Amino acid sequence: MAKADQPKFIKAPQDLRQRAISYTTGLELTLTEEVRGRIEKVIGESADAFSKDVLEKLREMRIQVKAAEDDSLSRIFILTTIAELAFDIKGMGGTFGYPLLSHLAKSLKDFITDLALPNEAQLEVISIHVDAMYVVLAQGIHGMTDRLQKDLLDNLGIAVSKVRYVV
């Protein structure tokens, strides 16, 4: 390999490193009790906002499903809304320690992706997903045994597969 072809590594200037860490205005690198308390407070406030946000998204999903049950012509329009809400919940669940919530939201979004105009059975499966997410949030289920979580998701998967292509 010729000298011109060899990669050239450029070391970041020291002042760039200092600005990243902010030596003068100071991001405290030592985790004191005060810093820990501030971090826990922010996390606690964020967790409350997370729960409220997810609850609002689940309420909107229920409203959409109810509208679709009452008016078969509106069914095609609810899918986009519910898929977007499920996608939001999926991303938030893992961030705030609700992996099962994320799995349920992903399952719902994946199920909806394949639907065109949902029938009654498919609407019921959508509703079951929403109800399961309500239970996870209401009970504060941050984790479950792998076996119980697997059984729940497997059984939901069976319901999805039974109604996915039913016209």
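Since we're looking at a predicted model, the values are computed, not measured.

A.B. asks: Help me get a handle on the overall build of the chain, residues and values and all.
C.D. replies: When you go through the chain residue by residue, the secondary structure sums to 6 helices and 0 strands. Walking the chain from its N terminus toward its C terminus, one meets helices and strands in the order α-α-α-α-α-α. When the 167 residues of the chain are sorted by exposure, 29% land in the buried category. Expressed as a percentage of contacts within the chain between residues at least 6 apart in sequence, the contacts between residues at least 24 apart total 72%. For the chain, the exposed area adds up to about 11,200 Å²; of that, 58% sits on carbon and sulfur atoms.

A.B. asks: Describe in detail the nonpolar core, supporting the description with residues and values.
C.D. replies: Among the nonpolar cores identified, the biggest contains 35 residues, and Leu58, Met61, Leu108, Ile126 and Met133 are the most heavily contacted of them. Listing elements by their share of this core, those giving two or more residues are helix H2 (33-70), helix H3 (75-95), helix H4 (99-113), helix H5 (120-138) and helix H6 (146-163). At 9 residues, H5 tops the list of elements feeding residues into this core. Excluding residues within four positions of it along the chain, Met133 makes contact with Leu58, Met61, Ile89, Leu101, Leu104, Ala105 and Leu108.

A.B. asks: Lay out H4 in plain terms, naming residues and giving numbers.
C.D. replies: When the terminal C-alpha atoms of H4 are compared, their 21 Å separation across 15 residues agrees well with the 21 Å that a helix rising 1.5 Å per residue should span. Looking at H4, one finds that the buried residues are Leu100, Leu101, Ser102, Leu104, Ala105, Leu108, Phe111 and Ile112. Elements in contact with the buried residues of H4: H2, H3, H5 and H6.

A.B. asks: Outline the environment of Ser102, listing residues and values.
C.D. replies: Mapped onto the elements, Ser102 comes out in helix H4. Given a relative accessible area of 11%, Ser102 falls into the buried group. Sequence-distant contacts of Ser102, defined by excluding residues within four places in its chain, comprise Ile89, Lys90, Gly93 and Gly94. Of note is the side chain of Ser102, whose polar atom sits 2.7 Å from the backbone oxygen of Lys90.

A.B. asks: Run through the packing of aromatic side chains, naming residues and quoting values.
C.D. replies: With the rule as written, the count across this model stands at 2 aromatic pairs. Consider the rings of Phe50 and Phe96, whose centres lie 4.7 Å apart with planes at 15 degrees: the pair is stacked. Linking Phe50 in helix H2 with Phe96 in the loop between H3 and H4, this pair joins segments that are 46 residues apart in sequence. For Phe50, a relative accessible area of 3% gives the class buried. A residue is classified by how much of its surface remains accessible, and Phe96, at 29% relative accessible area, is partly exposed. Summarising the aromatic geometry, the rings of Phe50 and Tyr98 are spaced 5.3 Å apart at their centres and angled 35 degrees between planes, so their arrangement reads as tilted. With Phe50 in helix H2 and Tyr98 in the loop between H3 and H4, this pair connects stretches of sequence that are 48 residues apart.

A.B. asks: Outline the packing of H5 against H6, supporting the account with residue identities and numerical values.
C.D. replies: Any two packed helices are characterised by how steeply their axes cross, that is the angle between the axes, and by the distance between the axes. Between H5 and H6, the least distance of the axes is 9 Å, while the angle of their chain directions is 160 degrees. Taken together, the axis directions place H5 and H6 in an arrangement best described as roughly antiparallel. Our pair here, H5 against H6, has a crossing hand that is left-handed. Judged by residue contacts, Ala121, Gln122, Val125, Ile128 and His129 of H5 engage Leu156, Ala159, Val160 and Val163 from H6. Here the residues of the contact of H5 with H6 are counted per class, giving 7 nonpolar, 2 polar and no charged.

A.B. asks: Please set out the pattern of salt bridges residue by residue, giving values where relevant.
C.D. replies: For the coordinates displayed, the defined rule picks out 11 salt bridges. Here Asp110 ties to Lys106 by a salt bridge, and the two come within 2.6 Å at their closest N and O atoms. Note that Asp110 and Lys106 are positioned in helix H4 at a spacing of 4 residues, about one turn of the helix. Owing to a relative accessible area of 35%, Asp110 belongs among the partly exposed residues under this scheme. In this structure Lys106 comes out as partly exposed when scored by relative accessible area, which is 38%. As a salt-bridge pair, Arg147 and Asp151 come within 3.4 Å of each other at their nearest N and O atoms. Residue Arg147 and its partner Asp151 are located together in helix H6, separated by 4 residues, close to a single helical turn. Among the ionic contacts, a cluster of salt bridges with common partners joins Asp53, Lys57 and Asp88.

Criteria and cut-off values
Residues numbered from 1 in each chain as written. Predicted model: local features only at pLDDT ≥ 70, side-chain atom pairs only at ≥ 80, totals over all residues. Heavy atoms only, no water. Helix = DSSP H or I, 4+ residues; strand = E, 2+ residues; numbered from the N terminus. Buried < 20%, exposed > 50% of the residue type's maximum accessible area, 1.4 Å probe, protein only. Contact = heavy atoms within 4.5 Å. Areas by Shrake-Rupley, 256 points an atom, 1.4 Å probe, with all protein chains shown as cover. Core = buried A, V, L, I, M, F, W, Y, C linked by side-chain atoms within 4.5 Å. Expected span 1.5 Å × (residues − 1). Polar contact = N/O pair within 3.5 Å; in protein donor to acceptor, adjacent residues only side chain to side chain. Phe/Tyr/Trp six-rings, centres within 6.5 Å; stacked < 30°, edge-to-face > 60°. Axes fitted to C-alpha atoms, helices over the stretch in contact; angles between N-to-C directions. Parallel < 35°, antiparallel > 145°, perpendicular 65-115°, else oblique. Left-handed = near helix turned anticlockwise from the far one by under 90°. Nonpolar A, V, L, I, M, F, W, Y, C, P; charged D, E, K, R; others polar. Salt bridge = Lys/Arg side-chain N within 4 Å of Asp/Glu carboxyl O.

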